[in-house]
Amino acid sequence: MTFKHFIKTITFIEIFKGMALTFRKMLSRAVTIQYPTERRDIAPGFRGQHALAKEGGRQKCVGCGLCATICPSQCIKITRAKGKVEKYEIELLRCIYCGFCVEACPYGAISLTENYEYSSYNKDDLLMTKEKLLSNWDKYMGGMKGDVYYKKFWRPLAEDFETPPGQVAYRGKK
Ligand code: SF4
Ligand code: SF4
């Protein structure tokens, strides 16, 4: 044992230093908050639970499957029957919230929302069905706030595409 170490041991200096630090922190502002009674503002563009978009009260999804194809976690399952989307499911426990499904969708039919409060002890609650996803649209993307959030972060990138000047383009039947 060195002399310095010996002095530290008999004077309990490390304990006093630790207690001084604890005392200083007791007087400083707490960084923790009392969730769920207190909440922090959500960061812009937060990637929360998914929603299937609606337009005029009707779902926009046509079941093309592009979102399921691009999904790196392969957690989207879609089946179509009689020309309609019969099943649209997302397994939230496998999702990594990359947002690729949103980017791939040519119709802006799927979106991420700001909702992060969906933890559950039941695995079934974390399987998002078409009905749950559509109701998420009404719950989290309805009204002006949802409109702004959707247009700012989750609108289809296809809206940015333009026909280059001079390129022959189909303009519909005359
Ligand atoms: S956010 Fe990513 S991982 Fe989650 S469903 Fe969409 S594509 Fe798949
Ligand atoms: S959400 Fe979009 S990409 Fe996915 S199946 Fe529906 S229309 Fe196609």
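Everything quoted here is computed from the prediction, not taken from an experiment. (Residues numbered from 1 in each chain as written. Chains lettered and ligands numbered in written order. Predicted model: local features only at pLDDT ≥ 70, side-chain atom pairs only at ≥ 80, totals over all residues. Heavy atoms only, no water.)

Draft legend 1. Just the site of ligand 1, in detail. Not every one of the 13 residues close to ligand 1 is listed here, only the nearest: Cys-71, Cys-95, Cys-98, Gly-99 and Cys-101. Looking at the shell around ligand 1, its residues break down into 10 nonpolar, 3 polar and no charged. (Near = heavy atom within 4 Å. Nonpolar A, V, L, I, M, F, W, Y, C, P; charged D, E, K, R; others polar.)

Draft legend 2. How the structure looks around a nonpolar patch on the surface. Taken together, the side chains of Met-1, Phe-3, Phe-6, Ile-7 and Ile-10 define a hydrophobic patch exposed on the protein surface, amounting to about 570 Å² of accessible area. Mapping Ile-7 onto the fold places it in helix α1 (residues 3-11). By relative accessible area, which is 34% here, Ile-7 ends up partly exposed. (Patch = residues over 30% accessible without salt bridge, like charges linked within 9 Å, V, L, I, M, F, W, Y side chains within 5 Å. Areas by Shrake-Rupley, 256 points an atom, 1.4 Å probe, with all protein chains shown as cover. Salt bridge = Lys/Arg side-chain N within 4 Å of Asp/Glu carboxyl O. Helix = DSSP H or I, 4+ residues; strand = E, 2+ residues; numbered from the N terminus. Buried < 20%, exposed > 50% of the residue type's maximum accessible area, 1.4 Å probe, protein only.)

Draft legend 3. Examining unusual backbone geometry more closely. In this model, Tyr-35 is joined to Pro-36 through a cis peptide bond whose omega is 10°. Following the sequence through the fold, Pro-36 ends up in the loop between α2 (13-27) and β1 (50-52). A positive phi angle, near 55°, is found at Gln-74, a position not held by glycine. Tracing the backbone shows Gln-74 in the loop between α3 (66-70) and β4 (76-81). One non-glycine residue, Lys-82, lies in positive phi territory at about 50°. Note on placement: Lys-82 falls in the loop between β4 and β5 (84-91). For Lys-82, a relative accessible area of 85% puts it in the exposed group.

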